[in-house]
Structure formats: structure tokens, C-alpha cells
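These are the residues of each chain, in order.
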Amino acid sequence: GWEGPPPPRGCEVFVGKIPRDMYEDELVPVFERAGKIYELRLMMDFSGENRGYAFVMYTTKEEAQLAIKVLNNYEIRPGKFIGVCVSLDNCRLFIGAIPKDKKKEEILNEMKKVTEGVVDVIVYPNATDKTKNRGFAFVEYESHRAAAMARRRLLPGTFQPWGHTLQVDWADPEKVVDEETMQRVKVLYVRNLMISTTEDKIKAEFNKFKPGAVERVKKLRDYAFVHFFHREDAIAAMSVMNGKCIDGASIEVTLAKPVNKESTWKQHFNGQISANSENLLGFPNKEDGTQKSLGKPASLSGCLNGQHSPGLPEVERCTYPLFPGIKLTPISMYSLKMNHFSSAVMHLDYFCYKNSWAPPEYCLYSATGQDGKILLVCKVFISGIGDDSQSYFMPEKLCTTVEDAKELAAQFTLLHL
């Protein structure tokens, strides 16, 4: 028996893709290989079958990490592979449709008026106008229960601060990276830069404390990744540069979180999030729009024309029998969640709609390859998101089909929004 308080956060793992006819008698022996189990919760439905996922609580974080390392992609039955990743109680809500002139203190006070257990509000400056916010915020609560109660209280129609109907949903928790991996990181993530700030300027600023320490800089809109030759220089630069001003903008500097390439699946259950594959760069981003994550939208790896490209959340691609008598209800695609869309084209259309932008327009261009083959590329235009230079997006890759060119252009646009 277990004596003492429950294990701390970080001791629970999420298990997905469990065969529907599998139960505790088979699961417990498998997961006991990683350590002592405090609790195993297998989610069941009314048919008596499991729902395909479970939560396993270990007594230590080390045992949970071992379970992820050993049992992720484990063949639990012939041809049946389970997914295992860290599971954390979600204590953060995403609040969208906030007036862009509201400051952190105003938003914090409004949230405290109607919800309990508010710990903090995270607000990001607009990419082009640092005096405004980006139209959304993240509200941190003291517990998952407090966040769940707040979410219910803030649902549209029940609370309209500043005369606005808010968008409320669970925020995607920040990706958890094990300490061993983070100890090897020598890349800094720099956010809140001015759009006009160049990569050369960033490199020069970060080289000031030690000339030649920076290997290279990659900048995208108002954030950048600064790569160092040595980790100790990255750590020193982070402490020196965090909060400094570059071209009039106060920057935030943190260690970049590398991608876990083995974690390429994602599921949401009642505010829980599993592992997610990351973007092409493999590091977090905070950008404009109704993005529910403190990092870049989770994405799967797509291959278009032989190129590795950023993609979309992996979705269940299955068909089910349409039995006689099943009720069919008309529905708008805009009432669905983003994880219902398997293509970047549909995802981008949904994203524009949710931000009250005009639908994306695709302009097709062609070029002739060295072998005489016609190659294609799409330019995407979205009106209403900035000046002309910020409204056009075009990847630097040519494709052999119109479908691939359009999909790649949509993926490229999503990456930069």
C-alpha cells in the first residue's frame, strides 16, 4: 500500500491507442516494468469496452520518464502499438477576442471578478504595434479544477467584459522536455522583436558580451532563434540579454525547447494533452491569432515533393459504418475543432475564419525544371492582417501537382501566422 501524500505532478503518463478489448489485467503487468504504479485509470464507455486511452500514475517522476522511454510505441499486441507520453493537469485557459487595447492588469482584474484561483495572466504584445495586445491571453489557475470551473463560468453568453463575447477554451500546455535533453540545448528563443529588426542586428547584439559566440540567427516575424557554438555561452547570453531593448523593443529570452521526434501523435481528452510533434524548426513560437498554445501549433511531418514540411495535428483517419437510423445533423465546418482537419488548406481557411479575416486566395505560378517538367508554386494572399508585404506568403519550394503546391503554400502560411 501507498503511504503519504499522492505523487507530485509529472508522475502521470497518458497512454493512447490501447486496443478496445484490453483491460487492467493486461495493462498493469506491462506498465509495472517501469516502476511502482500508484494508480491506473482506464477510460471506459457504456458498451463495456475501453475508450482507447488510460492514465498511469507512478510514484516518482523517474519511473514515469522510464515508462515513456521504454513503452512509447511498444507493441502491446501483434501489430498494435501504444503511445505513451507525459500527462499534466491543465491549469491554463485560452481567452480569445480580447480588445487589443487592454493591458495585462485590466485583463487580470476582469478574470478575478468572475473566476476564482487566478494565478497569472499571460499577454503578448502585437507584432507590429507593441502598445497593443494580440487579441488573446492565457489565464493561469491554481489547479485543474479551478481552471475547469472558470471555463464553465466564462463560456460565451455568460460573461461579456468590455461588451465583447470572449472565446474560451483549454490552452495547450507547454511541451515538457526532460532535463537531460534541456541540459544539451545551446539555442536561445528570442521573442517580442520588432518586425524591422534584422538577423544581422540580433547577431551583433548577442555577440556583444562575447564576440564570435553566436553561430547563426534565424528570424521569423517578431521572434528568432539564436544558435551558439557552446552551451555555456548561450546560458550566459540568456541572463545578460533577457529584458534588454533592441530597436526599442524589450525582448524575452529563454532556452529553446527541442523537438522530441519520437512523439508524433496528439490527442486531447478533457483538457489533457499528449505528446505532439513539433514544427519544422522544432522550437516554440508565440504568434498573433487565436492560437491556443504557448508554443507553435502542434504539427505532424508532411512530405511534399520530397521535402519535409510543417503540417497539421494528426487526426484519426478512419471510416465507420453508416447504419440505418443514424441521425445526421447539418453542421458548419467552422463549428468544429482544428483537429478535425487533415489538410493545411482546410486548416488555413478555418484559421482565417476564426480571426475574422478574408478567406485565403491562392495564385498559381509555374516554372520549367531542368528536365523540362512543369513545376508549380502557390502564393497565398490574406487581406486584413497587415500591409501588403505581410499579407503575401509563398514557400521557396516547387511542386509537381497543383494539390501539393496549394497544400505546401497553406502549410508555409500557417507557419508564419
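Rules and cut-offs
- Residues numbered from 1 in each chain as written.
- Predicted model: local features only at pLDDT ≥ 70, side-chain atom pairs only at ≥ 80, totals over all residues.
- Heavy atoms only, no water.
- Helix = DSSP H or I, 4+ residues; strand = E, 2+ residues; numbered from the N terminus.
- Buried < 20%, exposed > 50% of the residue type's maximum accessible area, 1.4 Å probe, protein only.
- Contact = heavy atoms within 4.5 Å.
- Areas by Shrake-Rupley, 256 points an atom, 1.4 Å probe, with all protein chains shown as cover.
- Core = buried A, V, L, I, M, F, W, Y, C linked by side-chain atoms within 4.5 Å.
- Pairing = 2+ DSSP bridges.
- Axes fitted to C-alpha atoms, helices over the stretch in contact; angles between N-to-C directions.
- Salt bridge = Lys/Arg side-chain N within 4 Å of Asp/Glu carboxyl O.
- Arc of directions from axis to C-beta.

Draft legend 1. Up close: the overall build of the protein chain. Counting its secondary structure elements, the protein chain contains ten helices and 23 strands. Looking at the protein chain as a whole, 47% of its 417 residues qualify as buried. Restricting to contacts in the protein chain with at least 6 residues of sequence separation, those with at least 24 account for 63%. Counting every atom, the protein chain has about 21700 Å² of accessible surface; 52% of that belongs to carbon and sulfur.

Draft legend 2. Just the nonpolar core, in detail. Core analysis: the biggest nonpolar cluster contains 21 residues, and Val13, Val15, Ile18, Leu27, Phe31, Tyr58 and Val84 have the highest contact counts within it. Of all elements in the fold, only strand S1 (12–16), helix H1 (24–31), strand S2 (37–44), strand S3 (50–58), helix H2 (61–71) and strand S6 (83–86) reach the threshold of two or more residues within this core. For this core, the element with the highest residue contribution is H2, accounting for four residues. Sequence-distant contacts of Ile18, defined by excluding residues within four places in its chain, comprise Leu27, Leu42, Asn50, Gly52, Tyr53, Ala54 and Ile82. The next biggest cluster of nonpolar side chains, apart from the first, holds 20 residues, and it includes Val185, Leu193, Ile202 and Val217.

Draft legend 3. The sheet that holds S6, seen in detail. Taking strand neighbours across the sheet as the criterion, the four strands line up as S2-S3-S1-S6 in an open arrangement whose pairing is antiparallel. Only two strands of the sheet have a single neighbouring strand rather than two, namely S2 and S6. Adjacent strand axes in the sheet meet at a mean angle of 20 degrees when their direction is disregarded. By the bridge criterion, six bridges tie S2 to S3 in an arrangement that is antiparallel. Each bridged residue has a counterpart across the sheet, and for Leu40 the counterpart in S3 is Val56. Helix-sheet contacts for H1 involve S1, S2, S3 and S6, and the interaxial angle to S2 is about 145 degrees.

Draft legend 4. Summary view of the pattern of salt bridges. According to the stated counting rule, one finds 16 salt bridges in the structure shown. Across the pair Glu140 and Arg92 runs a salt bridge whose closest N-O atoms are separated by 2.7 Å. Residue Glu140 is found in strand S9 (residues 133–141), and its partner Arg92 is found in strand S7 (residues 92–96); the two are separated by 48 residues along the sequence. Residue classification places Arg92 among the buried residues on the basis of a relative accessible area of 14%. Salt-bridge contacts for Lys208 lead to Glu205; the nearest nitrogen and oxygen are separated by 3.3 Å.

Draft legend 5. Broad picture of the environment of Gln183. Along the polypeptide, Gln183 turns up in the loop between helix H5 (179–182) and strand S11 (187–191). Sequence-wise, Gln183 and Arg231 are 48 residues apart; in three dimensions their C-alpha atoms are separated by 8.5 Å.

Draft legend 6. Representation of helix H7 (residues 231–241) within the structure. Within the span of H7, buried status applies to Asp233, Ala234, Ala237 and Met241. Relative to the axis of H7, the buried residues are bounded by an arc of 100 degrees and lie together on one face. Exposed positions of H7 whose direction lies more than 90 degrees from the buried face are Glu232 and Ser239. Buried residues along H7 sit in contact with S11, helix H6 (199–207), strand S13 (223–228), strand S14 (245–246) and strand S16 (252–255). Phi for Gly243, located one or two positions after H7, is positive at around 90 degrees.

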